[in-house]
Amino acid sequence: MLGLAVVLTFSAGQHGLTTRPAGAGGGPCSVVEQIRLAADIAVPLVGTGGRQRCEITTASAPGQWHLAVAHLLQVLGWAFATLFVAGYTGIVRKA
């Protein structure tokens, strides 16, 4: 999931769709900020603060598609985290 999120944020960065919020100075995001954003998208239980430093802009159709895929990855991240916890605690057992 993290690898897919990194590819997504790098793709958005290559198309000029990642930017720093006005409160963080504005301008394009650095590579490290894009990786932190990817970690925030893919790993739901660990917050790196990447969304406060970098975001995907939605002013254009490609930006909206990138954000939609980011939301899909976040949902999948939560699903996989839930399955991991359920398997680790033994809630789900073989029949």
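Below is a short write-up of the structure. All values reported here derive from a predicted model rather than from experimental measurement. (Residues numbered from 1 in each chain as written. Predicted model: local features only at pLDDT ≥ 70, side-chain atom pairs only at ≥ 80, totals over all residues. Heavy atoms only, no water.)

Next up on the list: the overall build of the chain. Looking only at helices and strands, the chain has four helices and two strands in total. Counted from the first residue to the last, the chain has its helices and strands arranged as α-β-α-α-β-α. Its C-alpha atoms put the chain at 55 × 25 × 20 Å along the principal axes. For the chain, buried positions account for 29% of its 95 residues. Considering only contacts within the chain whose residues lie at least 6 apart along the sequence, 56% involve residues at least 24 apart. Carbon and sulfur atoms form 68% of the exposed surface of the chain, whose accessible area is close to 6000 Å². (Helix = DSSP H or I, 4+ residues; strand = E, 2+ residues; numbered from the N terminus. Buried < 20%, exposed > 50% of the residue type's maximum accessible area, 1.4 Å probe, protein only. Contact = heavy atoms within 4.5 Å. Areas by Shrake-Rupley, 256 points an atom, 1.4 Å probe, with all protein chains shown as cover.)

Across all of its chains, the model carries one disulfide by this definition. Here Cys29 engages in a disulfide with Cys54; their sulfurs sit 2.1 Å apart. Because the sign of the S-S torsion sets the handedness, a value of about 110° for the bond joining Cys29 and Cys54 places this disulfide among the right-handed ones. With Cys29 in the loop between strand 1 (18-19) and helix 2 (31-42) and Cys54 in the loop between helix 3 (50-53) and strand 2 (55-56), the pair connects residues that are 25 residues apart, well separated along the chain. The pair formed by Cys29 and Cys54 is uniform in burial state, with each residue classed as buried. (Disulfide = S-S within 2.5 Å.)

This brings us to the packing of aromatic side chains. A full pass over the atoms with the stated rule returns one aromatic pair. Where Phe84 meets Tyr88, the ring centres are 6.1 Å apart and the plane angle is 20°; that geometry is what we call stacked. Of this pair, Phe84 and Tyr88 are both found in helix 4 (residues 61-89), four residues apart, which corresponds to roughly one turn of the helix. Across the pair, exposure class does not vary: Phe84 and Tyr88 are exposed alike. (Phe/Tyr/Trp six-rings, centres within 6.5 Å; stacked < 30°, edge-to-face > 60°.)

Its location among the elements puts Gln34 in helix 2. Every residue in contact with Gln34, bar those within four places of it in the chain, is listed here: Thr9, Phe10, Gly13, Thr18, Cys29 and Cys54.

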